[in-house]
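# Chain and residue survey
The chain contents come next:
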Amino acid sequence: MSTRPDQSATAEGVSIAGAPPPLAAKEVSVVYRTRGDFGRRTARHALNRTSIEVNYGELVALVGESGSGKSTLSKVLLDLASPSAGEVAYHGKALNTLTRTEMRAYRNEVQVVFQDPAASLNPRQRIWKCLASVLELRGVRSQLELNEEITKLLTGVGLNPAESFARRFPHELSGGQQQRVAIARALAMKPRIVIADEPLSALDVSVQAQVLDLMIDHQKRTNAGYLLVTHDLNVVRAVADRVVVMYLGSVVEMGDAEQIFERPQHPYTRALLSSRLSIDASKRRIRDRPILTGDVPSTTAIPSGCAYHPRCPIAVERCSIDAPEPRVTGDGSSVACHLAE
Ligand SMILES: Nc1ncnc2c1ncn2[C@@H]1O[C@H](COP(=O)(O)OP(=O)(O)OP(=O)(O)O)[C@@H](O)[C@H]1O
Ligand SMILES: [Mg+2]
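Anyway, here's the lowdown on the structure attached to this text.

Parameters at a glance
Residues numbered from 1 in each chain as written. Chains lettered and ligands numbered in written order. Predicted model: local features only at pLDDT ≥ 70, side-chain atom pairs only at ≥ 80, totals over all residues. Heavy atoms only, no water. Phe/Tyr/Trp six-rings, centres within 6.5 Å; stacked < 30°, edge-to-face > 60°. Helix = DSSP H or I, 4+ residues; strand = E, 2+ residues; numbered from the N terminus. Buried < 20%, exposed > 50% of the residue type's maximum accessible area, 1.4 Å probe, protein only. Lys NZ or Arg CZ within 6 Å of the ring centre and 35° of its normal. Pairing = 2+ DSSP bridges. Contact = heavy atoms within 4.5 Å. Axes fitted to C-alpha atoms, helices over the stretch in contact; angles between N-to-C directions. Near = heavy atom within 4 Å. Polar contact = N/O pair within 3.5 Å; in protein donor to acceptor, adjacent residues only side chain to side chain. Areas by Shrake-Rupley, 256 points an atom, 1.4 Å probe, with all protein chains shown as cover. Nonpolar A, V, L, I, M, F, W, Y, C, P; charged D, E, K, R; others polar. Arc of directions from axis to C-beta.

## Section: the packing of aromatic side chains
- Following the criterion strictly, the structure yields four aromatic pairs and no others.
- A ring pair is formed by Y247 and Y268, whose centres lie 4.6 Å apart and whose planes are at 50 degrees; its orientation type is tilted. Highlighted residues: Y247 in strand β9 (residues 242-247) and Y268 in helix α11 (residues 267-280), separated in sequence by 21 residues.
- You can call Y247 buried: its relative accessible area is 3%.
- Here the aromatic rings of Y247 and Y308 are separated by 5.1 Å at their centres, their planes lie at 80 degrees, and the arrangement is edge-to-face. With Y247 in strand β9 and Y308 in the loop between α12 (283-288) and β11 (327-328), this residue pair connects regions lying 61 residues apart in the sequence.
- Y308 sits in the buried class, given a relative accessible area of 2%.
- Ring pairing ties together the aromatic residues Y247, Y268 and Y308, which thus form one cluster.
- Sitting over the ring of F165, R168 keeps its end group 4.2 Å from the ring centre.
- Lying over the aromatic face of Y56, R192 brings its terminal NZ or CZ to 4.6 Å of the ring centre.

Shown next, in the form of structure tokens:
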């Protein structure tokens, strides 16, 4: 649920009150069926009726411990994984009902930046070819135009001199430079929505800020919507407009970033944020907030009721029986906890 209910969009990215969000997952579930030890079948419940929306002009941070389903949700939004229940809607229309033209618009408008730039670039393709093949999809055909656009893109992501970088293969670039190319490739489509799944975590610390700045600059300049998956809560604090907190495949809290950091309401959010607070906040706050203890349960055996109850310091009997539905609290956040407020 958005804390900006009136923020929605036309294809040009202008907000129109009441219009559906450009990209939304509605009550999406994903179950991965795999073979475990001794060939035993296991079902991993990666997403459990998860809803999220991304609007133009906002940067949404998706946070949660490892295995909470952040990448799976990103893949579902990108149509790279199919939900077993629920749907993804583009401007209010389910992906499987889009016409070919609408599907093309969705594929052009929604772009991705993955964690590992080396794996996301074709090792046998020079950077020029990598960008040209994307620009050709946008209808840029002539050699002259392609050269001009590629120079603009590479310069835009700080790869100078562009002509020299265009001639190279991915392995001739550093990790940071490869991620800049991956970002240039995403931006080549003039995306209105960018989904970035841990785009900084494979990079050297010294270049992380530059790559982040690049994306933030693009987001602000073009009024695009960004979904940023990251473990770095200091980054979230610095750049996010809205925060979505996931635990074991469910959204447990979402709301305005300021609100979430100042007054987290779900016990899981409080515990998750305490790891960040322990390095920079007042002692009083640290005492107020429990540090996250214990391991995340397996997605093959999600606890009954509220999935967080076995680790929750304030759980009561009801929490192990009834799964809490998300509800909007007084300050506009959405929290799935029986005991919030
Ligand atoms: N391809 C797959 N096959 C089987 N199980 C999978 C697959 N991808 C993810 N899972 C399982 O789904 C659950 C959610 O995984 P996901 O990668 O979405 O989490 P995440 O929040 O992105 O974690 P991380 O922070 O480590 O990247 C996990 O239990 C994971 O083991
Ligand atoms: Mg992930």
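## Section: the sheet that holds strand β8 (residues 225-229)
- Read across the sheet, eight strands follow the order β6-β7-β8-β3-β9-β10-β12-β11 without closing on themselves; strand pairing throughout is mixed. Because the sheet does not close on itself, it has two edges, and the strands there are β6 (110-113) and β11.
- Across two bridges, β11 lies against strand β12 (residues 334-335) in antiparallel orientation. Residue pairing in the sheet places V328 in a bridge with S334 of β12.
- Relative to β6, helix α2 (residues 100-109) is tilted by about 35 degrees, and along the sheet it contacts β6 and β7 (193-197).

## A word on the site of ligand 1
- Lining the immediate environment of ligand 1, one finds 15 residues, of which S66, G67, K70, T72 and T299 sit closest.
- S68 places a main-chain nitrogen or oxygen 3.2 Å from an oxygen atom of ligand 1.
- Between ligand 1 and S71, the relevant distance is 2.8 Å, taken from an oxygen atom to a side-chain nitrogen or oxygen of the residue.
- Contact with the protein chains hides 69% of the accessible area of ligand 1, taken as 640 Å² for the molecule alone.
- Going through the elements one at a time, β1 (23-35), β2 (41-54) and α1 (70-77) are the ones with two or more residues in the shell around ligand 1.
- Tallying contributions element by element places α1 first for the shell around ligand 1, with three residues.
- Of the residues assigned to the shell around ligand 1, the class counts are two nonpolar, nine polar and four charged.

## Quick notes on the side chain of T299
- Within the secondary structure layout, T299 lies in the loop between α12 and β11.
- Looking at T299, its side chain comes within polar contact range of the side chain of R44, at 3.5 Å.
- With residues up to four places along the chain from it excluded, the contact list for T299 reads A43, R44, H45, G67 and L248.

## Structural notes on α2
- Within the span of α2, buried status applies to M103, Y106 and E109. One side of α2 carries all its buried residues, which in axial view fall inside an arc of 135 degrees. The exposed set on the far side of α2, more than 90 degrees from its buried face, consists of R100, T101 and R104.
- In the core, the buried residues of α2 are packed alongside β1, α1, β4 (85-90), β6 and β7.

## Examining the sheet that holds β2
- In space, the four strands of this open sheet follow the order β2-β1-β4-β5, with antiparallel pairing throughout. Taken across any chain shown, the strands that pair with only one partner, and hence form the sheet edges, are β2 and β5 (93-94).
- As defined by bridge partners, β4 adjoins β5 across two bridges and the pair is classed as antiparallel. Bridging from a neighbouring strand, Y90 pairs with K93 of β5.
- Against the sheet, α1 touches β1, β2 and β4, its axis set at about 120 degrees to β1.
- In the packing of α2 onto the sheet, the strands contacted are β1, β4 and β5, and the crossing angle to β4 comes to about 85 degrees.

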